[in-house]
Amino acid sequence: MFLRLLPLVLAPVTSYAVDFGDYFENKTMRLDYFHTGTATEEHFALDRIVSDGPWPGSTTRLVDSLAFGKYLVQVWDTEKKTLLFSQGFATIYGEWETIGEAKQRWGAFHESVRFPWPKQPVRVVLNKRNAENKFAPVWELTVDPSARSVNPADRKSPYNAWAVQESGPARNKVDLLILGDGYTAAEMKKFHKDAKRAADALFAIEPFKSRRSDFNVWAVDTPAQESGVSRPHEGIYKRSPLSTHYSAFDSQRYVLSYDNRTLREVASAVPYEYMVILMNEQTYGGGGIFRWLATAAADNAFFDYLFVHEFGHHFAALADEYYTSSVAYEIPEITVEPWEANVTALLDPENLKWKDLVEPDTPLPTPWKKEAFDAASRATQKKRAEMRARKAPESEMEQLFRDQAERETAFLSSMKYSGKVGAFEGAGYMAKGLYRPYADCMMYTRNDVGFCPVCARAIERVIDQYTK
Ligand SMILES: [Zn+2]
């Protein structure tokens, strides 16, 4: 007789969490540093340590039991015997080091980690995923909160800060900050409307919809001297307050700001854990990096989708489930399981991380009409490239997206295993070797289908970290 053991379920590491008041003041320590290197080496250098005002996070869930992200910051006592705080995150550097440019030259990015203000000296450890996707230390330093180099003064913000939605004390809520870039003083009313529209778009989609009252939403006005942001592929350059720009990593629709120091200074006006920038632009584009930043073009017809999709990256470290679009990343052959909640290499189907959501009669991998879908998808990509080359108006591009969404929605909802959780090949920029949990999801297409059950569960777990 063959006995199969049940997969071992690890209990979340919250039990040894320390008492907040024993170790921390109600204040946020922001450690700014430079992260520099190439494809093969990586270095860190301290910039400065400042106060970001009251601590907005949980005071009971100090250790991050989900540990999503390529990096993990840990705060230990100086003996490294007691873990006081940890949080997974991702960085621009972590993406940049995977692109071709990093093989040719050095890159340097400004970053920050934030944690509750320690009462005594602490050991801060930055960890990074190794080849096995396990965290290993890459930088350590001792921080003495009473050192002359540590600045405990709170910043007096020169900007107008306001609440889009206030649900309760910051420490029991997720605190989301909405910024705008490329809005002139005369366009501030538009920014306020756009910020409210962004919040409404987010809370129209589950599980955010049911958890709306678990969120505070803040906004800070940063008026620009001229309207819009830089779009280098179109030869348009601006010096906007937050330095948000299209063509990040030379990818036309990828929008980021590399100016972390400015962003953090602006953001310190409010308690926040998540930060998004709305660009005062119609051109399709956005970006999302886990616990750092999400961006979206406010005036694009697909804004609601764009914003919530990028927020999925930013909020819960969800991977892109698509693979046919051309992207800047160069990803090697998959031999280890990805850490993201919504993609799998299916190296061990018996222990698939979302196995509990798979019905017994759904095969793994799960059959779907991939060849037909890919052929139609490639044809659309070709059309899109042709439109871009001749600088077609944005409205024409939007119509192409609408037609594509209509066709793909019908296609992906009419297969045998549509609406079932399984493992569908093609995800995370890989046509082969990586699998997504559901035929369709807003991390896969622009279709009006919301998050799949696996993505939705990951989002719920992150919300719980701030509220329970
Ligand atoms: Zn999904």
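Residues numbered from 1 in each chain as written. Predicted model: local features only at pLDDT ≥ 70, side-chain atom pairs only at ≥ 80, totals over all residues.

A tally of regular secondary structure across the protein chain gives 9 helices and 18 strands. Since a compact globule built from 468 residues should have a radius of gyration of about 23 Å, the 22 Å found for the protein chain is in line with a globular shape. Expressed as lengths along the three principal axes of its C-alpha atoms, the size of the protein chain is roughly 70 × 65 × 45 Å. Contacts in the protein chain between residues at least 24 apart in sequence constitute 67% of all its contacts with a sequence separation of at least 6. (Helix = DSSP H or I, 4+ residues; strand = E, 2+ residues; numbered from the N terminus. Rg over C-alpha atoms; globule rule 2.2 N^0.38 Å. Contact = placed C-beta atoms within 7 Å.)

Mapped onto the fold, threonine 380 is located in helix H7 (residues 370–389). C-alpha separation for the pair threonine 380 and serine 251, spaced 129 residues apart in sequence, amounts to 18 Å.

With that settled, consider the sheet that holds strand E5 (residues 107–118). In sheet architecture, strand pairing relies on hydrogen bonds along the backbone and comes in two forms, parallel and antiparallel. Strand order in the open sheet formed by 4 strands is E5-E1-E2-E8, with mixed pairing between adjacent strands. Looking at the sheet topology across the chains shown, the edges are occupied by E5 and strand E8 (150–151). Sheet topology places strand E1 (residues 24–37) next to E5; 12 bridges connect them, and they run antiparallel. Residue pairing in the sheet places aspartate 32 in a bridge with serine 112 of E5. Packed onto the sheet, helix H5 (residues 260–267) meets E1 and E5 and runs at close to 30° relative to E5. (Pairing = 2+ DSSP bridges. Axes fitted to C-alpha atoms, helices over the stretch in contact; angles between N-to-C directions.)

Moving on, we come to the domain arrangement of the protein chain. Considered domain by domain, the protein chain is made up of domain 1 (20–151), domain 2 (160–316) and domain 3 (349–443). One C-alpha centre belongs to domain 1, the other to domain 2; they are set 23 Å apart. In this assembly, 22 residues from domain 1 lie in contact with 18 residues from domain 2. Looking at the side of domain 1 that touches domain 2, the elements with two or more residues in it are E1, helix H2 (92–96) and E5. Sorting elements by how many residues they give to the side of domain 1 that touches domain 2 places E5 first, with 4 residues. In the side of domain 1 that touches domain 2, the residues fall into 10 nonpolar, 8 polar and 4 charged. (Domains from an automatic or database assignment. Nonpolar A, V, L, I, M, F, W, Y, C, P; charged D, E, K, R; others polar.)

A few words now on the sheet that holds strand E9 (residues 160–165). If you walk across this open sheet you meet the 6 strands as E9-E11-E10-E14-E16-E15, and the pairing is mixed. The open sheet has two edge strands, E9 and strand E15 (286–289), and neither has a second partner. Each strand axis lies, on average, 25° off the axis of its neighbour in the sheet, ignoring direction. Of the pairings in the sheet, the one linking strand E14 (residues 274–279) to strand E16 (residues 293–297) comprises 4 bridges and is parallel in character. Looking across to E16, one finds that leucine 278 is bridged to alanine 296.

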